[in-house]
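Below are the chains, spelled out letter by letter.
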Amino acid sequence: MSLLKELDQKDPAEIGGKLHRFAAELYPICRSITGDGLRQTLARIQERVPLQISEVPTGAPVFDWTVPKEWNIRDGFIKDASGKKIVDFQRCNLHVLNYSTPVRAKMRLSELKPHLFTIPEYPDWIPYRTSYYKEDWGFCLCHNQMLALKDAEYEVFIDSALEDGHLTYGEYYVPGRSTDEVLISCHACHPSLANDNLSGLAVATALAELLSGRDLRYSYRFLFIPGTIGAITWLASNHDAVERIRHGLVLTGIGDAGGFHYKKSRRGDAEIDRAAAHVLHHSGEDSEIMEFSPYGYDERQYCSPGFNLPVGCLMRSVWGTFPEYHTSADNLDFIQPQSLARSLRACAAIVDVLENNRRYRNLNPYCEPQLGRRNLYRSTGGEAIGVEINARLWVLNLSDGEHSLLDIAERSGLPFPAINDAAGVLRLNGLLSVVPDRAAGEAGPNGASQVARSSSKG
Amino acid sequence: MSLLKELDQKDPAEIGGKLHRFAAELYPICRSITGDGLRQTLARIQERVPLQISEVPTGAPVFDWTVPKEWNIRDGFIKDASGKKIVDFQRCNLHVLNYSTPVRAKMRLSELKPHLFTIPEYPDWIPYRTSYYKEDWGFCLCHNQMLALKDAEYEVFIDSALEDGHLTYGEYYVPGRSTDEVLISCHACHPSLANDNLSGLAVATALAELLSGRDLRYSYRFLFIPGTIGAITWLASNHDAVERIRHGLVLTGIGDAGGFHYKKSRRGDAEIDRAAAHVLHHSGEDSEIMEFSPYGYDERQYCSPGFNLPVGCLMRSVWGTFPEYHTSADNLDFIQPQSLARSLRACAAIVDVLENNRRYRNLNPYCEPQLGRRNLYRSTGGEAIGVEINARLWVLNLSDGEHSLLDIAERSGLPFPAINDAAGVLRLNGLLSVVPDRAAGEAGPNGASQVARSSSKG
Amino acid sequence: MSLLKELDQKDPAEIGGKLHRFAAELYPICRSITGDGLRQTLARIQERVPLQISEVPTGAPVFDWTVPKEWNIRDGFIKDASGKKIVDFQRCNLHVLNYSTPVRAKMRLSELKPHLFTIPEYPDWIPYRTSYYKEDWGFCLCHNQMLALKDAEYEVFIDSALEDGHLTYGEYYVPGRSTDEVLISCHACHPSLANDNLSGLAVATALAELLSGRDLRYSYRFLFIPGTIGAITWLASNHDAVERIRHGLVLTGIGDAGGFHYKKSRRGDAEIDRAAAHVLHHSGEDSEIMEFSPYGYDERQYCSPGFNLPVGCLMRSVWGTFPEYHTSADNLDFIQPQSLARSLRACAAIVDVLENNRRYRNLNPYCEPQLGRRNLYRSTGGEAIGVEINARLWVLNLSDGEHSLLDIAERSGLPFPAINDAAGVLRLNGLLSVVPDRAAGEAGPNGASQVARSSSKG
């Protein structure tokens, strides 16, 4: 049974619940772009799918960048003059500026203030801030709390380590009939933020579980990596895999209650762009297709001009457009089991398009074949035809060896599964032949692949 | 004088009246996809234009299909227990399921009911139903009448014959300077239904009369055929003619009071598609251009992928979207003389575009020629120019040998006749030369035709 | 400093005042397509930029036309029976039909009337009328005045000369690094009409002053010519210069209070068309982009099919759409200093695009370069990026040697100067190399120019 049909037979509430529980399990861990929080996160994913973990040492050159020092943190607080912890890393890991250098000092409020980060517009939320490439220390706290601080002496303490170590990332490769790859990439470096990006981690892991052990057209590579530097490190270290990427998705922020957003790849008309737009259009939810821009998530790296990979980004609410973004309000209440389940369903539907988007050839191209005598048509004239028959007529009409099933779905306005089912029935009835799939290494008339390849050199 | 100008000098009310009277003359005949009703219909058309009639025997293979048995009917009724004819073929030929096998029996209502067809939503109308490819018998009647039937015994009688015979179709070929052909196709298989498709038969016959004996660029082939199987049979039997089709129109449902609809060919950008869209846009009536779909009339066959002919479909109200469709309410009141006359005018205007859509070359391509000294411009500056002058400027500006007059009409927003008139005046004044017309076999610079040819193999 | 930045440092009110004063200086002169009024106008422009003046003799053949006789006028009036001048050329030079032949006669009103031109819809305005190519005489006056004329005898007098002479035009050539040219063309033949086209003359002269003495990529050619016949004469006489035109603008009617209108070149997608549309979109004023049409100003000649030059037309209110057009109401009050200044700014911004629209190559095409360590990025994560950083990311992402800066500006939605500044900063930091500029004769990989050349033969 197809991936999608199998998924549709399950209870969405149960799927959503499992996804949310996995996000909740990962929520307390203090992740960063390196360090043990990231390792613990990958270990939890490894309990579900057999991740391969890579460790790249500090100082390794990766294109224009260098793998940074590894950061680990044990504790951090601000104590007031009475010795009371008024800001405490143990209560919320957002309180310490991510990548803070260690500090232990007493200082007046005026000296402390340049190290405090707040959000005046949302005075009860803690911001999420980082300082990866400029050594600094700091605390993030509610604006109201900062306003209430007296001009007194405070004890600040951050028990962190910023030392030579490693950058860690996880990969899970699901082999298919072809070595051509579909990339699914998530960043795994944000601490206690639920939508950004525990939602992505949970959905990607569940999609990986769904694909495991299946007979697949493509091979699938799931990446769980720190944002930016992780993608750069992976791209710099995996030339051969990069060359095999035919389609890709960055998954992030797909757990909130908002409608879908798909940001197109730099190419703008890649098959993944069309597949995602088609699936979202038929998803029954609000959705919007956004043009590529060079700001965002790791599609920035995958779509840099030297690679120009066909990789888009699937989101619900778009980063930076909702106030909870990068604050303590992006918590486990902000993501919804139902939204997570529907996001997984959308990913599966996109995979379903990629897996089945083939070209067929109508074996009776002159006039319509007589569907009636094959029991593929209504036998009494004068009644309206339904989606099923309509899909068959569309597939027959456009299956000239040039149009793919996605082409036909787009032109007909019918959902891809209806078109794919029609092609299946027609093929079973001897009315269609399949055009050899170069992606899967099937022999075509001239034996050469027509899949456009992007070159990648590091 | 041009076809269109000649038509515009006639009284539209008179033209409409003639068209309606011809539809009325054909209305009582019980047509089907074979049989004597079809032959009688073709004979009536033959009184106006010299149709060539073809008879193809039952059992002849035509692509994936086989020519069916011939159906003829003499009578049919249902009598109640008192012997009264309560459903009578002589009163309305829709009452008998088209292609009914013969039956003579007495039966209770419960046994009869599966053979009765009604329209619950329009309880006073008789539906039109067929069963060409599944042998069956039945009656069509008003829903209210069926509801009133008592649980009693009824006598059913259908005096029909379904036997080996022939499928009949008519063709009228109007020769032009070129053997390249324009196809005008109508289905002639529906019994007493006025809009679908007596309107098409009447307009096509009148268009054929208009074209007869003219000096034409293209040759025109008018087909009067049974729907689906007739088109398939003709396509299977006329390879050479099929190869010569350059443009084509299916005419159907063009007599009602609704606005125009033109359904594009599968190609979507064929010259016929552009000509029809242009003419309807300037028709002064509401009109809508519809994308191709593989469901509809005989364009389904002409646009099957092996042929992919540039054939669109001109309609007023679209089949299936108005309740009268395929019911007794599609009667002679449903079609309007004025609508029929305007439909004929639209067909003539489309033909006018096809006949005159040539490319010209401005013989003074550097700067504008001085129109004033040729009396082709206003002599006193400062006033707005009219359509006539504007059309001349457009033709001069775009006549670089690449743009056709239809290109110029589209880009300028001016109606094709204004552009064509401008080209005529400019050519008379020595300002334009005509680019040789390969369609008409005129010698071009390299002697080769640039008209794209679709291949057709049976 | 760039042309545009230098302009933006000046006081717009001062610029506008100067432009308006120059228009006012030229306003009283009675210009026509030949004659001393045109020569005086060119002499005033020559006081600002070193115009080269050409004189082409009457009778010279220019393509399909012939240089007309030269027209000069000293005086003209209508006197009533009492000897009072009721229409007087000395009061307004629009009163005499432009190109009137001399006349001295007494006649009754009925005889005079065919020689009187008025505007019934605007009975207090004097129309502007010409009769260049049909010898005639006449007077233009207010409709109300004409209505009040009694049926009496009048003395008419026009002291003009229509004799063999010359057609005069002015050219100013500003050399750049490349001999490829940008054409700026204005008609200088209208008498006391302010918007049409003293606004164009004033702005073009100011733009010429701005460009003088600069280090420029392109060479610039400013034409001050009589409309139609002047453009035809110049095109017929300057084959070599015509072949070097890469971009061009006709400037006319750019002083009124209306929003901008840019009429595209016949090509429709020329770089000038895209540059003008981009600049106007970001101008902060209402603007509209109009498709090319073969009616209008001298773009008619530049865009005739034999030349098909990439020349558009920049206007504010469009000729013929405002009632003041070609009337005495197109006076110095109808043009605004602020509008003139903003029009000059728009021209400079278009020139800025043309001068800087180059292609660059990202020298770190695999993943993003690390902007942070070059101080080109924000150092603390989590905050929105501004236009400056965004422009850098766009330039890096699309600088693959294929996309020009204008391509990038269009795709990003950012204004060209922001994109150009970003390219400058990135190049200074060693992150971009420039693709050799064939326009400026820089050596490219294969030494050949890729700039499309239009051929010009007279």
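No experiment lies behind these values; they were computed from the predicted model shown. (Residues numbered from 1 in each chain as written. Chains lettered and ligands numbered in written order. Predicted model: local features only at pLDDT ≥ 70, side-chain atom pairs only at ≥ 80, totals over all residues. Heavy atoms only, no water.)

### Side note on unusual backbone geometry
Thinking step 1. Cis geometry marks the peptide bond from D196(A) to N197(A), where omega comes out at 20 degrees.
Thinking step 2. Relative to the assigned elements, N197(A) resides in helix α6 (residues 194-211).
Thinking step 3. Phi at C367(A) takes a positive value of approximately 65 degrees, unusual for a residue other than glycine.
Thinking step 4. Position of C367(A) among the secondary structure elements: in the loop between β17 (359-362) and α12 (387-398).
Thinking step 5. Taking the relative accessible area as the measure of exposure, C367(A) reaches 1% and is therefore buried.
Thinking step 6. Residue N375(B) is not a glycine yet carries a positive backbone phi of 65 degrees.
Thinking step 7. Checked against the element boundaries, N375(B) lands in the loop between β17 (359-362) and α12 (387-398). (Helix = DSSP H or I, 4+ residues; strand = E, 2+ residues; numbered from the N terminus. Buried < 20%, exposed > 50% of the residue type's maximum accessible area, 1.4 Å probe, protein only.)

### A closer look at the nonpolar core
Inside soluble globular proteins, nonpolar side chains tend to come together where they are buried.
Thinking step 1. In this structure, F222(C), L251(C) and L314(C) are the most contacted members of the largest nonpolar core, which totals 86 residues.
Thinking step 2. Residue contacts for L251(C): discarding those within four places in its chain leaves I184(C), S185(C), C186(C), N197(C), G200(C), V203(C), A204(C), L314(C) and C347(C). (Core = buried A, V, L, I, M, F, W, Y, C linked by side-chain atoms within 4.5 Å. Contact = heavy atoms within 4.5 Å.)

### Let's talk about the pattern of salt bridges
Thinking step 1. Scanning all chains against the criterion turns up 79 salt bridges over all chains.
Thinking step 2. For R300(A), the salt bridge identified is with E368(C), shortest N-O distance 2.5 Å. Placement of the pair is R300(A) in helix α10 (residues 299-302) and E368(C) in the loop between β17 (359-362) and α12 (387-398), with the two residues belonging to separate chains.
Thinking step 3. Residues participating in the shared-partner salt-bridge network are D36(A), R39(A), E55(A) and E70(A). (Salt bridge = Lys/Arg side-chain N within 4 Å of Asp/Glu carboxyl O.)

### Topic: the relation of the copies chain A and chain C
Thinking step 1. Structural alignment of chain A on chain C gives an RMSD of 0.1 Å, achieved by rotating through 120 degrees and translating 0.0 Å along the axis. One copy is carried onto the other by what is essentially a three-fold rotation axis. Looking at the rotation axis and the C-alpha trace of chain A, the residue lying nearest is D269(A), at 13 Å. (Least-squares fit on C-alpha atoms with pLDDT ≥ 70 in both.)

### A short note on the side chain of H143(B)
Thinking step 1. Its location among the elements puts H143(B) in helix α5 (residues 143-148).
Thinking step 2. If near-sequence neighbours (up to four positions away) are discounted, H143(B) is found in contact with T118(B), I119(B), P120(B), P123(B) and W125(B).

### Observations regarding the packing of aromatic side chains
Thinking step 1. Inspection of the entire model under this criterion finds 48 aromatic pairs over all chains.
Thinking step 2. Taking 6.3 Å as the distance between ring centres and 25 degrees as the angle between the ring planes, the aromatic pair formed by Y172(A) and F222(A) counts as stacked. Taken together, the residues Y172(A) in strand β10 (residues 166-174) and F222(A) in strand β12 (residues 219-225) connect sequence positions 50 residues apart.
Thinking step 3. What links up through ring pairs into an aromatic cluster is the set W65(A), W71(A), Y99(A), Y132(A) and Y133(A).
Thinking step 4. Directly above the ring of F22(C) sits R48(C), whose terminal nitrogen or CZ lies 3.8 Å from the centroid.
Thinking step 5. Over the face of the ring belonging to F260(C) we find R316(C), whose NZ or CZ atom lies 4.1 Å from the ring centre. (Phe/Tyr/Trp six-rings, centres within 6.5 Å; stacked < 30°, edge-to-face > 60°. Lys NZ or Arg CZ within 6 Å of the ring centre and 35° of its normal.)

### A few points about the sheet that holds strand β11 (residues 181-187) of chain A
All names here are of chain A.
Thinking step 1. Taken in spatial order, the eight strands make up an open sheet running β1-β10-β12-β11-β13-β16-β14-β15, and their pairing is mixed. This sheet does not close on itself; its edge strands, each paired only once, are β1 (52-57) and β15 (287-290). Within this sheet the neighbouring strands show an average axis-to-axis angle of 20 degrees, counted without direction.
Thinking step 2. The sheet contact formed by strand β14 (residues 260-263) and strand β16 (residues 311-315) spans three bridges and is antiparallel. (Pairing = 2+ DSSP bridges. Axes fitted to C-alpha atoms, helices over the stretch in contact; angles between N-to-C directions.)

### Things to note about the interface of chain B and chain C
Put simply, an interface is often sized by how much accessible area is lost when its parts join up.
Thinking step 1. On the side of chain C, 26 residues touch chain B, which itself brings 27 residues to the contact.
Thinking step 2. Carbon and sulfur atoms supply 49% of the area that chain B and chain C bury against each other, a total of about 2300 Å² over both sides.
Thinking step 3. When the area that chain B buries against chain C is broken down by residue, the three leading residues are Y366(B), C367(B) and E368(B), summing to 31%.
Thinking step 4. Inspection of the chain B/chain C interface yields four salt bridges.
Thinking step 5. Put simply, the parts of the chain that give the side of chain B that touches chain C at least two residues each are α12 and β18 (400-404) of chain B.
Thinking step 6. When residues of the side of chain B that touches chain C are assigned to their parent elements, the largest contribution, six residues, is made by α12(B).
Thinking step 7. Here the residues of the side of chain B that touches chain C are counted per class, giving 10 nonpolar, 10 polar and seven charged. (Buried area = accessible area lost by both parts, 1.4 Å probe. Nonpolar A, V, L, I, M, F, W, Y, C, P; charged D, E, K, R; others polar.)

### Details of the interface of chain A and chain C
Thinking step 1. Listed per partner, the contact involves 25 residues of chain A and 27 residues of chain C.
Thinking step 2. Summing both partners gives a buried area of about 2300 Å² for chain A against chain C, and 49% of it is carried by carbon and sulfur.
Thinking step 3. At the junction of chain A with chain C, the criterion picks out four salt bridges.
Thinking step 4. For R374(C), the salt bridge identified is with D64(A), shortest N-O distance 2.7 Å.
Thinking step 5. Connecting chain A to chain C are 14 residue pairs in polar contact (both at pLDDT 80 or more).
Thinking step 6. Contributions of two or more residues to the side of chain A that touches chain C are made by α7 (229-237) and α10 of chain A. (Polar contact = N/O pair within 3.5 Å; in protein donor to acceptor, adjacent residues only side chain to side chain.)

### Some points on the packing of helix α2 (residues 12-26) of chain B against helix α6 (residues 194-211) of chain B
For any two helices packed against each other, the geometry is given by the interaxial angle and the distance between the axes.
Residue and element names in this part refer to chain B.
Thinking step 1. Taken N-terminus to C-terminus, the directions of α2 and α6 make an angle of 125 degrees; their axes are 9 Å apart at the nearest point. Here α2 lies oblique to α6, going by the angle between them. Here α2 and α6 pass one another in a crossing that is right-handed. Contacts between α2 and α6 involve L19, F22, A23 and L26 from the former and L198, L201, A202, V203, T205 and A206 from the latter.
Thinking step 2. Looking at the contact of α2 with α6 residue by residue, the class counts come to nine nonpolar, one polar and no charged. (Parallel < 35°, antiparallel > 145°, perpendicular 65-115°, else oblique. Left-handed = near helix turned anticlockwise from the far one by under 90°.)

### A closer look at the sheet that holds strand β18 (residues 400-404) of chain C
What links the strands of a sheet is backbone hydrogen bonding, and the strands pair in either a parallel or an antiparallel sense.
Residues and elements named next belong to chain C.
Thinking step 1. Spatially, β18-β17-β19 is the arrangement adopted by the three strands of the open sheet, whose pairing is antiparallel. The sheet terminates laterally at β18 and β19 (432-434), the two strands that pair on one side only. When the angles between neighbouring strand axes are averaged without regard to direction, this sheet yields 35 degrees.
Thinking step 2. Relative to β18, β17 runs antiparallel, the two being bridged by two bridges. Among the inter-strand pairings, R359 is bridged to a residue of β18, identified as S404.
Thinking step 3. Where helix α13 (residues 405-412) meets the sheet, it contacts β17 and β18, and its direction lies at approximately 65 degrees from that of β18.

### Describing the pairing of strand β9 (residues 153-163) of chain A
Residues and elements named next belong to chain A.
Thinking step 1. Strand direction decides the pairing type here: strand β4 (residues 70-79) and β9, joined by nine bridges, are antiparallel. Its bridge partner being in β9, F77 is matched across the sheet by F157.
Thinking step 2. Summarising the sheet, strand β6 (residues 103-108) and β9 pair through six bridges and their orientation is antiparallel. Across the sheet, K106 pairs through a bridge with E155, a residue of β9.

### Quick look at the packing of α12(B) against helix α14 (residues 416-428) of chain B
All names here are of chain B.
Thinking step 1. Remark: α12 packs on α14, axes separated minimally by 8 Å, with the N-to-C direction vectors making an angle of 70 degrees. Here α12 lies roughly perpendicular to α14, going by the angle between them. Only A418, I419, A422, A423, V425 and L426 of α14 make contact with α12, whose side of the interface consists of V387, A391, R392, W394, V395 and L396.
Thinking step 2. A breakdown of the residues in the contact of α12 with α14 according to their chemical character gives 11 nonpolar, no polar and one charged.

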